Amino acid sequence: MKYNKEQRKAINHPPAPLLIIAGAGTGKTTTIVARMENLIKKYSVKPEEILALTFTIKAADHLKAELEKRIGEDGQKINAMTFHSFSNGVVEE
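All figures in this text were calculated on a predicted structure; none of them were measured in a lab.

A. Main features of the pairing of strand S2 (residues 79-82). A one-sided burial pattern is seen for S2, the buried positions being Ala80 and Thr82 and the unburied ones Asn79 and Met81. Across 4 bridges, the pairing between strand S1 (residues 51-54) and S2 is parallel. In the strand pairing of S2, Leu53 is matched with Met81. As for the winding sense of the linkage, the β-α-β connection from S1 through helix H3 (residues 57-71) to S2 is right-handed.

B. Local environment of the pattern of salt bridges. Counted according to the given criterion, the structure contains 4 salt bridges. Salt-bridge contacts for Arg70 lead to Glu37; the nearest nitrogen and oxygen are separated by 2.7 Å. With a gap of 33 residues between them, Arg70 in helix H3 and Glu37 in helix H2 (residues 28-43) connect regions that are remote in the sequence. A residue is classified by how much of its surface remains accessible, and Glu37, at 15% relative accessible area, is buried. Taking the shortest distance from any N to any O, the salt bridge between Asp74 and Lys77 comes out at 3.1 Å. Accessibility expressed as a relative area gives 32% for Asp74, which makes it partly exposed. It is possible to trace a salt-bridge network through shared partners that takes in Glu37, Lys41 and Arg70.

C. Structural detail: a nonpolar patch on the surface. Together, Leu51, Leu53, Phe55, Phe83, Phe86 and Val90 make up an exposed nonpolar region whose accessible area comes to about 580 Å². Sorting the residues of the nonpolar patch by element identifies S1 and helix H4 (83-92) as the ones contributing at least two each. With 3 residues, the top contributor of residues to the nonpolar patch is H4.

D. Summary view of the packing of H2 against H3. Put simply, H2 and H3 touch, their axes get as near as 10 Å, and they point 50° apart. The angle between H2 and H3 places the two elements in the oblique class. The hand of the H2/H3 crossing is right-handed. Contacts between H2 and H3 involve Thr29, Thr30, Ile32, Val33, Ala34, Met36, Glu37, Ile40 and Lys41 from the former and His62, Leu63, Glu66, Leu67, Arg70 and Ile71 from the latter. Per-class residue counts for the contact of H2 with H3 are 8 nonpolar, 3 polar and 4 charged.

What counts, and where the lines are drawn
- Residues numbered from 1 in each chain as written.
- Predicted model: local features only at pLDDT ≥ 70, side-chain atom pairs only at ≥ 80, totals over all residues.
- Heavy atoms only, no water.
- Buried < 20%, exposed > 50% of the residue type's maximum accessible area, 1.4 Å probe, protein only.
- Helix = DSSP H or I, 4+ residues; strand = E, 2+ residues; numbered from the N terminus.
- Pairing = 2+ DSSP bridges.
- Right-handed = clockwise from strand over helix to strand, strands pointing away.
- Salt bridge = Lys/Arg side-chain N within 4 Å of Asp/Glu carboxyl O.
- Patch = residues over 30% accessible without salt bridge, like charges linked within 9 Å, V, L, I, M, F, W, Y side chains within 5 Å.
- Areas by Shrake-Rupley, 256 points an atom, 1.4 Å probe, with all protein chains shown as cover.
- Axes fitted to C-alpha atoms, helices over the stretch in contact; angles between N-to-C directions.
- Parallel < 35°, antiparallel > 145°, perpendicular 65-115°, else oblique.
- Left-handed = near helix turned anticlockwise from the far one by under 90°.
- Contact = heavy atoms within 4.5 Å.
- Nonpolar A, V, L, I, M, F, W, Y, C, P; charged D, E, K, R; others polar.

The following block contains the structure:
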């Protein structure tokens, strides 16, 4: 897959928090999945240590499915959820 300069910058960002803001159709999901794959393969980050917050359950499920295509069933172990679900979990604990 070919990535533009900004996508490569995000994908190769070291293991640290990263906020990606971009409009519709700009390749955010592709970039985020590639970043997660890079963190797992290059930096040995465990999938369950990754938190990806989305606005919809469908988007969270899509992130997991795309990562699973790249790294196998461990892709389902990432913590991908909606902002609402995450916040609700924090409040309930």
